[in-house]
Amino acid sequence: MMESFGPKSETKYMIVRADYLLSMSEEEGAEERIEDGYVLGEGSTIKECGHYTPEIGERILKEYGDDLTIVGKDITNTTKEQIPKLKAAILPGFVKAHGHDHEATIIGICKDMPLVDWLDGAINPFTRFLSEKREELEAKFGKSANLIAYRKARVDDLSYGITTALTHHCNFNKYYVPDLVHANLEMGTKMIIAVGSQDRNYDPRVLDLPVELATQRLDKYWDQFKDTPRTWVIPGPDQVFSNGPEILKQQKEWSEKHGTLIHIHSAEEYGTTQWFREKYKMTEVEFLESIGFLSKDTMLAHQVHSTDHDLELIAKYGVKIVHNPLANTILGSGMPDIVKMRSMGIDVAISTDGSGSADNQNILAAARLASQYQRGLHHDAKRVPAIDALKMITAIPGKMLRLKVGQVRVGYDMDLAVIDLTRPNLIPTSKRNVVENLIWASDGSEARWVIANGVLLRDNYSFTKANTTEIFADITELQAMFMDFLATQKIVKATGKRAEEGEEEKKEEKKE
Ligand SMILES: [Zn+2]
């Protein structure tokens, strides 16, 4: 196992008090909007939460005085109260159920193109660049270049109030899980790592042949990280179209044996989904069902293009869906009807996807876009109300990932996003509209304090544990070096349908 390291709380107890507490708690009788709310953490766990009173404050100060961190005390010297009420809303730390940590480096590269061209033109070359030039880059930076990319992604998450992430570690990244674990531990976040695989319709240099390589890799990382705090390893085959029956069956069995989730991209882009149906004479979901891949442990990222039969299968097996509206619209992939999915009893979380396609990790913006699109689609302003959109980035993904996150609730993890209500766009905010304003008026950048596992990771907008000067300089240089590399490379058309086109091209070249 990797030795446990990373930020620890300096005091045993921590209290946050603010104008509003939006707990997202699914506990019976839990209030949705609490005025003058507080949360008290003991170590990494929530010990108390609810409506604040002076008596509660006095008791807490008396009991925990010297051992207590009071969040925001330093900026509120105008108040005489010992536990100041912040002009803010306390929410659970946001939970991202699908993302890719290396993509922070390739924001703005390969724009205005569909998914497969973007994968061939940016994602696959970038992860290959990190892999092929690993030693050279390490000598230059004095550290792993993968680590640089993953550190930046942790900072991005925290800047939008995300404290838990499922990182789908695809492409050449699958060989570099230890760097990702390192970044996660160091930055104080929580992470499920879905380790990638593929054995067809992809860049040949990254194929797992023989297919046993995929489960061997999982075994290795499982042994290495099973006792590592805040870190979990699960199978994460890259795409349905890039994994054949045998490799998927083996990983599904592995997931059942280890009692883990299993995560895969499915039916993301229109053209690729059509091509798959023609080539294999069934939909991606039907294919997954035919090999026994669907169950309540299965998470499908995207599932934009579904037939009625697909949705029936998804509902029948209790499969979970992660909707990524930013990436789906930017890449022109299409958008799923999540209202219909939810009406069939399917669990749907909203996420950002990687920054390469979404161009940011603004999870509140993702929630807003999801709601906005469904209203347009259904010609109905009542669809996906703000509270539902918020639950889809907190409590719902928290339950999906089977962690005690996404709700402010006693016994849950002390993970909080404290949203600044002094920003002009969020004024005026009252109890009546605080939930709505977060979805419709926020720009997503108002996470003024962010706490994870009882540690203050962002304090009044400053990152307490991340050396952002170094990270930002490194990542800028890394992107520049990648651009130089990319200019010297022939783009290998190898993803999905492009695999066949690539073959045709090769034949043409030979003829010439
Ligand atoms: Zn993705």
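All values reported here derive from a predicted model rather than from experimental measurement.

Draft legend 1. Examining the overall build of the protein chain more closely. Tallying secondary structure elements over the protein chain gives 19 helices and 17 strands in all. Here the protein chain has a C-alpha radius of gyration of 23 Å; the compact-globule value for 512 residues is 24 Å, and the two agree. Projected onto its principal axes, the C-alpha coordinates of the protein chain cover approximately 85 × 55 × 45 Å. The buried share of the protein chain, taken over its 512 residues, is 61%. Considering only residue pairs separated by 6 or more positions, the protein chain has 75% of its internal contacts joining residues 24 or more positions apart. In the structure as shown, the protein chain presents an accessible area of about 19,500 Å², 50% of it carried by carbon and sulfur atoms. Looking at the protein chain, you have 63 positive and 78 negative side-chain charges, and the mean spots of the two groups are 2 Å apart.

Draft legend 2. Examining the environment of Asp347 more closely. If you trace the backbone, Asp347 turns up in the loop between helix H12 (338-343) and strand E13 (348-350). Among the residues examined, Asp347 registers a relative accessible area of 39% and is labelled partly exposed. Here the alpha-carbon distance between Asp347 and Leu185, two residues 162 residues apart in the chain, equals 29 Å. Ignoring anything within four residues of it in the chain, the contact list for Asp347 reads Lys320, Ile321 and Met400.

Draft legend 3. Molecular detail of the coordination of the zinc ion. Coordination of the zinc ion by the protein involves His98 (NE2), His100 (NE2), His265 (NE2) and Asp353 (OD), with metal-donor separations of 2.1 to 2.4 Å. Around the zinc ion, the four donor atoms are arranged such that angles at the metal cover 85 to 179°; this shape is classified as irregular. Between the donor residues of the zinc ion, the gaps in sequence give the motif H-x1-H-x164-H-x87-D. Placement of His98 in strand E6 (residues 94-99) and of Asp353 in the loop between E13 and helix H13 (355-358) is noted, with a sequence separation of 255 residues between them. Each of the two residues, His98 as well as Asp353, counts as buried.

Draft legend 4. Spotlight on the sheet that holds strand E10 (residues 262-266). Pairing in this open sheet of four strands is parallel, and the strands run E10-E11-E12-E13 from one edge to the other. Only two strands of the sheet have a single neighbouring strand rather than two, namely E10 and E13. Recorded for the sheet is a direction-independent mean angle of 25° between the axes of neighbouring strands. Note: strand E12 (residues 320-323) against E13, three bridges, orientation parallel. Among the inter-strand pairings, His323 is bridged to a residue of E13, identified as Ile350.

Draft legend 5. Highlighting the nonpolar core. Core analysis: the largest hydrophobic core is formed by 109 residues, its most contacted members being Leu91, Phe94, Leu390 and Leu478. Of all the elements, helix H2 (residues 115-132) adds the most residues to this core, at eight residues. Taken domain by domain, this core gets at least three of its residues from each of domain 1 (13-93 + 408-463) and domain 2 (94-400). Each residue touching Phe94, except ones within four places of it in the same chain, is listed here: Tyr160, Gly161, Ile162, Thr163, Thr164, Ile363, Leu364, Ile393, Thr394, Ala417 and Ile419.

Draft legend 6. Broad picture of the pattern of salt bridges. With the rule as written, the count across this model stands at 33 salt bridges. When the shortest N-O distance is used, the salt bridge between Glu470 and Lys143 registers 2.7 Å. Separated by 327 residues along the polypeptide, Glu470 in helix H18 (residues 468-487) and Lys143 in the loop between helix H3 (134-141) and helix H4 (145-159) bring together distant segments of the chain. With a relative accessible area of 31%, Glu470 lands in the partly exposed category. Here Asp156 and Lys152 are joined by a salt bridge, their closest N and O atoms 2.8 Å apart. Placement of the pair is Asp156 and Lys152 together in helix H4, with a separation of four residues, close to one helical turn.

About the criteria used
- Throughout this document, residue positions are counted from 1 along each chain, in the order its sequence is written.
- For a predicted model such as this one, the threshold for reporting local features is a pLDDT of at least 70, and the threshold for listing and counting side-chain atom pairs is 80 or more; totals across whole chains, interfaces and linings nevertheless cover every residue.
- The basis for every side-chain value is the complete set of non-hydrogen atoms in the structure, without hydrogens or water.
- Helix and strand assignments come from DSSP, with helices taken as H or I runs of at least 4 residues and strands as E runs of at least 2, each series counted from the N terminus.
- Radius of gyration: C-alpha atoms only; globule rule: 2.2 Å multiplied by the number of residues to the exponent 0.38.
- Burial status follows relative accessibility: with a 1.4 Å probe on protein chains alone, a residue under 20% of its type maximum counts as buried, one over 50% as exposed, and anything between as partly exposed.
- A contact between two residues is defined here by any heavy atoms of the two lying within 4.5 Å.
- Calculation of accessible area relied on Shrake-Rupley with a 1.4 Å probe; when residues are assessed, cover is drawn exclusively from the protein chains displayed.
- In this tally, Asp and Glu contribute negative charge and Lys and Arg positive charge; neither His nor the terminal groups of the chain are included.
- The atoms used to mark charge sites are NZ of Lys, CZ of Arg, CG of Asp and CD of Glu.
- Counted as donors are N, O and S atoms no farther than 2.8 Å from the metal, or 3.2 Å for Na, K and Ca; water is not among the atoms, and sites may therefore look incomplete.
- Between 85 and 135 degrees for all angles marks four donors as tetrahedral; over 155 degrees for opposite donors together with 65 to 115 for all other angles marks four donors as square planar and six as octahedral; every other arrangement is irregular.
- In this analysis, strands are considered paired if DSSP registers two or more bridges between them.
- Under this scheme, a helix contributes an axis fitted over its contacting stretch, all axes are lines through C-alpha atoms, and angles between N-to-C directions fall in the 0 to 180 degree range.
- Nonpolar cores were defined as sets of buried Ala, Val, Leu, Ile, Met, Phe, Trp, Tyr and Cys residues, with membership established by side-chain atoms within 4.5 Å.
- Residue ranges assigned to each domain were obtained from an automatic or database domain assignment.
- Each salt bridge in this description consists of a side-chain nitrogen of Lys or Arg and a carboxyl oxygen of Asp or Glu lying within 4 Å of one another.

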